[in-house]
Amino acid sequence: MKLFALLTLMVSTASHGAVDLLVPAYFYPSASGSAWNTLVAAAQSGAPVTAIMNPGSGPGLAPNSDYVAAVNALRAAGGKVLGYVPTGYGGSSVSPTSTCQPAVGSTYTATDVLNCAARYKLWYSVDGVFLDEFTNTTASAAPATLAYYQQIYAGLKGVNGFARDWLVVGNPGSETVADYFADPGGPTADTLVVFENGAGYATHSPAAWQADYPAAAFAHLIHSEPSAATAAQAVGLAASRNARYVFVTSDVLDNPWDTLPPYFNSLAQAVRDHNANHPDPVCTLDLDGDGNVIAGTDGLLLLRALLGIRGPALTANALASGAARTDPAAIVALVATMIANSTLDVDRNGTVGAGADGVLLLRMMQGMTGASVPAQALANGALRRAWPSLRMYVNATCATRFPANRPATPPTVTVAAVGDLAQCSGTPPASPASSAVAAAAAALGPGVPLLLLGDLAYYSGTATEFAQCYDPIWGGALKAASYPVPGNHEYVTASAAPYYAYFGSRAGDPARGYYSTDFGDWHLIALNSNLPMTAGSAQEAWLRADLLANAGKRCKLAYWHHPRFSSSDGHGSDPLSAAIWDALYEFRVDLVLNGHDHVYERFAPQTPAQLPDARGIRAFVIGTGGAASYGFRSVPEPNSAVRTSGQFGLVRFDLRPGEYTWQTIAAAGSTLNDAGSARCNL
C-alpha cells in the first residue's frame, strides 16, 4: 500500500455538468402526428431527451404498433425511452386500471413488477424503466418495503438480471433518504426523482447526503409552471443542485404529464445552451481502447500512470490483445486529462492518488464489491467514503457497469428431452432401441428431469401398452423424473385416459394436458398439440396468460408433440401450432422441443415466418426415443441446421441463468453428434 501512495495529484474543482430532459410522455403517439414527433425533433436537434412511455398505466397487454414506431423514431434520433411501471407504493396498492395486475391477490410482489417491466423489453426497444408509486421510507421504518424495491432492482440489474444495461429511475417524488442507495441490502434505483411538484422549486434545497452521489442519481420534475423564462432558468438550477435530469411543464394536476408545454422548444434550447457550456468531462477506464475494462490491463495501466511510470515501461505486458490505444504517451495524456477534470477523484478529497483512487478503481475492476472496496483505501479528507456512492459515481462518470453486489449464481439445472419412445413387439413385449435410450437417460444421473415429447406407448396408448411395454423400460426412477406431454398415439385411446392415469398429476389436468413449471431460473411450458392451439383457443389464451405472468423469467422453453417445422418425410411441418409460435416469439421464448417425426433435427433461431433472427426461437425435433426411424425430404425447411436419421438417443440441456448448452446423447449402437451453447433472448 505504501508504494501506491507515492503519487498524489491535485485536481481542479468540477463545475456543474450537463443536463438531460426526462419527459413523462403520457400521451398517445398517433400515426397521424403527436407530441412524440416534437420529442423526436428535439432529439434530432441535439437536446438529450429521455421519454417515459406509458401505454396503459404500464406496458399494456400486447405490443402497440404506434408505440413501437414512436419508440424507434425517438431512439433513432438519439433519444432514449423508459417504460412506466407502477410499484403500488411498496406493493400494497394496485390500480384496477393498470395493465400490470398481480398474478395472485390484490397486492404486488417484486415478481409482479419484474413481469410488468419485462414486457417493455420484449415488445419495445426501451432503455430502462420508470418505477412509479415509489414509497418514501427508511430502512428502519419499513425494512420490508426497502427489500421489495431491492428485489426489483436485483431482478433487473443484478448479476442474473434481465436488463443489466437499463437505466432504472425510481419516483418517490420528494426529498428522500440515502437508504434507497446506501442500504447494505443493495440499491433500489440508479436515479431517484427527488422533486416532483408545482411549487417551491425556486427555493428548493437538496438534502446534504446527495452531494456524495453523481448528478445522474437525481431528477427534478416541475409542473404547473406558466413562465417559459422560469422554465429555462430551471435547467441551470437543476444542474447547480446536482440533478442530471429535469423537466418543466405548464400542465397542471390531476395529470400534469399528458401534454407538452407550449414552451417545450425553448426549454430544449435552454438545455442545449447549458450543455454547450457545461459538457460532460472525459472519463474512461478502458485505457487501452479494446472495448473492455479489465484489471490486468486497464487497471495496471492506470496505476502505473498514477505512479509516474512513462514510456515502454508503462505498457509492458499491460495491453489487451485487441488494444487500440498502445502509445504510452497517448495513455498518459488521457489519464492527465481525467486528473485535470477531476473525474478520477473517486473518493472526493480534491486529489487523485494511486494509493486511494487508483486502488479503489482497481478493486472495482477486479470484481470486488461492498465495504471491501473502500477498506483502507480512502485518502485523508475523503468525502465520498461508502461503497454505494463510490460505485454510482464511477458508473455515472466513466460509463462503467460495476454491479452493486455479486450474489451466488444459481446452480445449473440439467434436463433431457426425447419423444416417440416405446414401440414394442414380441412376447413379452420389447423395444430394444427404446431400452437403449432409457439406459442413456438413466446414465445422466438420478433425478434428472425428462421432458417426454409424446407418443410414449405405441400404438394406442392403452393401459396394457403402458403396463407391459412402457413401464418396464421407462418406469421407476425415470417415471418419477418425467414431465410428459401427450402425442397423437396416446389420444388413439379415448381422451388419452390411460396416459393421464399412468402419469397422474405430473401430466397436468386431464381435461387440458398443458402446464408449466420452473427449473432454476428457467420457465418451462408443456403444451398439448392434440387439443386446439389456434388463436383464441383455450390453450392459446392460457399460454398467453402464463407468459404474461412469467415475462420476467429471463429464459423460457416450450415443448409439445407435433412440430411446427420439420424436414422429415414422415410427417413434416404442421401449421396447427402457428398461433402458439406467434405467442412464444412475442415473448422471446428461447427453445421449442417437439417429437412426432422420428428423426433428429435442429433449427437455427428463427421467426414464425421462418426468417433468421438472432433473438428468435431455436427449435429441435427429437423423435429419437426408439420408434422406427423416418428419413428427410430432399429439400429441407429453411434454417434447418442439423439433420440425423436412423439413430436413437436424447438431448441433454444444461440450463443456466441467462444461457444454455445442448448435447446429443446417443444410445448404445447409435451415433448422434450435435452440441452448442447460446445466451437467452431476454
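See the structure printed just above.
Side note on the state of the cysteines
Scanning the model with the defined rule gives four disulfides in all. Here Cys100 connects covalently by a disulfide to Cys116, the sulfurs 1.7 Å from one another. Measuring the twist about the S-S bond at about 40°, one finds the Cys100-Cys116 disulfide to be right-handed. Here Cys116 lies in helix α4 (residues 110-123) and Cys100 lies in the loop between α3 (88-91) and α4, a separation of 16 residues in the sequence. In terms of burial, Cys100 and Cys116 fall into one category: buried. The partner cysteine of Cys283 in its disulfide is Cys398, sulfur to sulfur 1.8 Å. Here the disulfide of Cys283 and Cys398 is right-handed, its torsion about the S-S bond being about 60°.

Here we look at the side chain of His204
By the element assignment, His204 lies in the loop between β7 (191-197) and β8 (218-222). His204 gets classed as buried once you look at its relative accessible area, which sits at 11%. Beyond its immediate stretch of four places on either side in the chain, His204 contacts Glu175, Val194, Phe195, His220 and Arg241.

Some details on the pairing of β7
Across the seven residues that make up β7, a large majority, five, are buried. As paired strands, strand β6 (residues 167-170) and β7 are joined by two bridges and run parallel to one another. Paired with Gly170 across the two strands is Leu192, which belongs to β7.

Procedures and definitions
- Counting starts from 1 at the beginning of each chain's written sequence and moves along it residue by residue.
- Local features in this predicted model are restricted to residues whose pLDDT is 70 or higher, and side-chain atom pairs enter the listing and the counts only when it is 80 or higher, whereas totals over whole chains, interfaces and linings include all residues.
- Side-chain descriptors were evaluated using all non-hydrogen atoms of the structure, hydrogens and water having been removed beforehand.
- Disulfides are defined in this document as cysteine sulfur pairs within 2.5 Å.
- Helix and strand assignments come from DSSP, with helices taken as H or I runs of at least 4 residues and strands as E runs of at least 2, each series counted from the N terminus.
- Three exposure classes are used, based on accessible area relative to the maximum for each residue type with a 1.4 Å probe and protein chains only: buried under 20%, partly exposed in between, and exposed over 50%.
- When checking whether two residues touch, look at their non-hydrogen atoms; a contact exists if any pair is within 4.5 Å.
- Paired strands, as defined in this entry, are two strands with at least two bridges between them according to DSSP.

None of this, on its own, says anything about what the molecule does.
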